[in-house]
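One letter stands for each residue in the lines below.
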2 protein chains.
Amino acid sequence: MPRKMIVGGAQIGGIQKAETREEVVARMMKLMDEAHEKGVEFLVYPEMTLTTFFPRFYVEDRADFDHWFETEMPNAATQPLFDLAKKYKMGFTFGYCELTPGGQHFNTSVIVDPEGGIVLKYRKSHLPGHAEYEAERTHQHLEKRYFLEGDTGFLVVRNQDVIMGNLICNDRRWPEAWRELGLQGVELVTIGYNTPSQNNLKAEEGPERRVYHHRLSVCAGAYQNSTYAVAVAKSGVEDGNHMFAGSIIVDPDGFVIAEAKGEGDELITAECDFDKCAFGKSTVFNFAMHRRPELYTRIVTQKAAKVEV
Amino acid sequence: MPRKMIVGGAQIGGIQKAETREEVVARMMKLMDEAHEKGVEFLVYPEMTLTTFFPRFYVEDRADFDHWFETEMPNAATQPLFDLAKKYKMGFTFGYCELTPGGQHFNTSVIVDPEGGIVLKYRKSHLPGHAEYEAERTHQHLEKRYFLEGDTGFLVVRNQDVIMGNLICNDRRWPEAWRELGLQGVELVTIGYNTPSQNNLKAEEGPERRVYHHRLSVCAGAYQNSTYAVAVAKSGVEDGNHMFAGSIIVDPDGFVIAEAKGEGDELITAECDFDKCAFGKSTVFNFAMHRRPELYTRIVTQKAAKVEV
């Protein structure tokens, strides 16, 4: 039986500091209604969907920002979203900021199955930016201040008869992350992101170049692991800061098959035939035939580049 | 002092079965003359520059194809090329088929410094294709029949004040290969290729899609390791088989800065400022700050994909 499914990406326009979780969840549910009307069975929301991208703000005492984090999931604010998805028998994934009972802070995403159960929890592995205030930057990007590096590794789950795994934002630029999922047979990689339109250390790197890097990374990751990918933005102006949009769905051959037109709340959809992942996985990217793990040792024995010539 | 250098790519049009090494070397020298006139200080030739791409032909006894291999380098046929480069004080790299004194066959490339010395020898790690005749293919691609998998690993050398490393053809699709070079601080990756314009198992994958995959892989590898890359084709019609052209020079931001217009012998050039590699290596791809090698273990402990969900 062919494994065809309509997959959606729910791009979310900027969320201002003053917006409540409930207001955001209402916007998410509106997109879920639209997705259901279009036959979507699995829906991808962005990274840090419930709040503004607060790592652009500096506070000396990190605990002052605990109010941006969720201590349980689902919780009162998100329960209606879980309920609606269950009603629609729709699986979904979204990102949020997780504060554990032990006091650890992570940039997290979950996959929820059509019965409303959380079947995968992933914590962002590659935190970009910096931990201290850096005056030379045009804006701050303090993810290394507010989050711990994820401790889950790269996980997959079989949900709705598809092998799915999550990456979050900056993870998409790291081929190691894609390959870890590829080595588990992934067929759908979901990626949420909040990406400033401007490199904060390089004036000439604006939105056009940055969208190119985004697409390059996602298309290469999809192609080189023969997997579908859905990459979804929180985008537009947020607290006076611009983040690019460019949500895309990419096929296992590395081609963009759906993309967002605007920067606000917007649904993109594509019918995915997951059996199409098999061709690449059995030919050019047949890992069993072609990989050379014995030659890849620097990838795990070195963290930093070492110049020895 | 800025490290600027004009780098060239010498695309070679199809070489027919009947052409001699001497005839091919004469074509290579003509492009070298042109490169010298344009100020090129380092020149990149394709994979298997000296002969036709013979892995499209099947012979039962592999030894019948030993005549496609070189038993020493330089040799009588290539010495004039080495001499010309020395006269011009030009470094260069090219690929050829290597038969060792011990009887081993490799798909090899060398980097030659401006004094004419071979300073790096690389043997192709990722052999595509198959080892036996397969009737269901539109054409054969028997690299796994005629070559051993390379045993050198991914090497760099400091030549002309630039950290250089080689990949060959199919290697460019494997992010592990790029990362191994990136972890050694590479600033210029050279890639020679012979790539059929048609996927021999998928009728709908013709030259347009295949050039896209080529560019995607090279641009992503350059961007994600913040290195220049020069990828050069042997292209056009060879013994009735078409190979795509698309030779490119890519900057460390992943953008194409020079590309071939045709499918024949053609020089492309770009001025490269190797100090530009430092920005990416110290920010978004600062490996010491951002990589997570402890999470990448599948990359070396697994060869094949393992589906466990």
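Bear in mind the structure is a predicted one, so any value in this text is a computation, not a measurement.

> Is there a simple way to think about the relation of the copies chain A and chain B in this case?
Both copies of the chain are placed relative to one another by a rotation about an axis and a shift along it. When chain A is fitted to chain B, the best match, at an RMSD of 0.0 Å, comes from turning it 180° and sliding it 0.0 Å along the axis. Viewed as a symmetry operation, the transformation between the two copies matches a two-fold axis.

> What am I meant to see in the packing of aromatic side chains here?
Where two aromatic rings form a pair, the distance of their centres and the angle of their planes describe that pair. Counted by the stated rule, this structure contains 42 aromatic pairs over all chains. Measuring from centroid to centroid gives 5.6 Å for Phe94(A) and Tyr96(A), while their planes differ by 35°, and the two rings are tilted. With a relative accessible area of 2%, Tyr96(A) lands in the buried category. Consider the rings of Trp174(A) and Phe287(B), whose centres lie 6.1 Å apart with planes at 65°: the pair is edge-to-face. Of this pair, Trp174(A) sits in the loop between β7 (162-168) and α4 (175-182) while Phe287(B) sits in helix α7 (residues 287-290), each in a different chain. Assigned by exposure class, Trp174(A) and Phe287(B) land together as buried. Among the aromatic residues, those joined into a cluster by ring pairs are Phe54(A), Phe65(A), Trp68(A), Phe69(A), Tyr146(A) and Phe147(A).

> Just checking my understanding: could you explain the pairing of strand β6 (residues 156-159) of chain A for this structure?
Each regular strand displays side chains that alternate between the two surfaces of the sheet. Residues and elements named next belong to chain A. Bridge analysis of β6 against β7 gives four bridges, and the strand direction is antiparallel. Residue pairing across strands places valine 157 opposite methionine 164, the latter belonging to β7. Count of turn residues in the β6/β7 antiparallel hairpin: two residues, of which glutamine 160 carries a positive phi of about 55°.

> Explanation requested: the interface of chain A and chain B in the structure shown.
One widely used convention gives an interface's size as the accessible area the parts lose upon coming together. Taken together, the contact pairs 67 residues of chain A with 67 residues of chain B. In total, about 6600 Å² of surface goes out of reach between chain A and chain B, with carbon and sulfur atoms giving 59% of it. Here chain A is connected to chain B by ten salt bridges. On inspection of chain A and its partner chain B, the count reaches 48 residue pairs in polar contact (both at pLDDT 80 or more).

> I'm lost on the pattern of salt bridges in this one. Help?
Side chains that differ in charge, positive against negative, can pair when their charged atoms come close. Residues and elements named next belong to chain A. Evaluated as defined, the whole model comprises 48 salt bridges over all chains. The shortest N-O distance in the salt bridge between lysine 121 and glutamate 98 comes to 2.8 Å. Within this pair, whereas lysine 121 is found in strand β5 (residues 118-123), its partner glutamate 98 is found in strand β3 (residues 91-99), the two being separated by 23 residues in sequence. Under the relative-accessibility criterion, lysine 121 is labelled partly exposed at 33%. Notably, a salt bridge pairs glutamate 98 with arginine 123, separated by 2.8 Å at the nearest N-O pair. In this pair, glutamate 98 is assigned in strand β3 and arginine 123 in strand β5, connecting sequence segments 25 residues apart. Considered together, glutamate 98 and arginine 123 belong to a single accessibility category, that of buried residues. A single salt-bridge network, built from bridges that share partners, covers Arg56, Lys234, Glu238 and Asp239.

> Before we go on, may I ask you to explain the pairing of β7(A) in this structure?
Residues and elements named next belong to chain A. Here β7 lies mainly inside the structure; seven of its seven residues are buried. Every second residue of β7 is oriented toward a common face, with Val162, Met164, Asn166 and Ile168 on one face and Ile163, Gly165 and Leu167 on the other, all of them buried. Of the strand pairs in this sheet, β7 and strand β8 (residues 188-193) are connected by five bridges, and their pairing is parallel. Note on β8: the bridge partner recorded for leucine 167 is isoleucine 191. For the crossover from β7 across α4 to β8, the handedness is right-handed.

> Sorry, what's going on with the side chain of Arg172(A) here?
Checked against the element boundaries, Arg172(A) lands in the loop between β7 and α4. Lacking a salt bridge, the buried Arg172(A) has Glu47(A) as its closest oppositely charged neighbour, with an N-O distance of 6.9 Å. A distance of 3.1 Å separates polar atoms of two side chains, one belonging to Arg172(A) and the other to Thr195(A). When near neighbours in sequence (up to four residues on either side) are disregarded, Arg172(A) contacts Leu167(A), Trp178(A), Ile191(A), Tyr193(A), Thr195(A), His214(A), Ser217(A), Val218(A), Phe244(A) and Gln224(B).

> Please clarify how helix α2 (residues 79-88) of chain A should be interpreted in this entry.
Owing to its 3.6 residues per turn, the α-helix brings residues three or four apart onto one side. Residues and elements named next belong to chain A. Every buried residue of α2 is accounted for by Leu81, Phe82, Leu84, Ala85 and Tyr88. The buried residues of α2 occupy one face: seen down the axis, they fall within an arc of 165°. Looking at the buried side of α2, the elements it contacts are α1 (21-37), β3, β4 (105-112) and β5.

Rules used in this analysis
- Residues numbered from 1 in each chain as written.
- Chains lettered and ligands numbered in written order.
- Predicted model: local features only at pLDDT ≥ 70, side-chain atom pairs only at ≥ 80, totals over all residues.
- Heavy atoms only, no water.
- Least-squares fit on C-alpha atoms with pLDDT ≥ 70 in both.
- Phe/Tyr/Trp six-rings, centres within 6.5 Å; stacked < 30°, edge-to-face > 60°.
- Buried < 20%, exposed > 50% of the residue type's maximum accessible area, 1.4 Å probe, protein only.
- Helix = DSSP H or I, 4+ residues; strand = E, 2+ residues; numbered from the N terminus.
- Pairing = 2+ DSSP bridges.
- Contact = heavy atoms within 4.5 Å.
- Buried area = accessible area lost by both parts, 1.4 Å probe.
- Salt bridge = Lys/Arg side-chain N within 4 Å of Asp/Glu carboxyl O.
- Polar contact = N/O pair within 3.5 Å; in protein donor to acceptor, adjacent residues only side chain to side chain.
- Right-handed = clockwise from strand over helix to strand, strands pointing away.
- Lys, Arg positive; Asp, Glu negative; His and termini not counted.
- Arc of directions from axis to C-beta.

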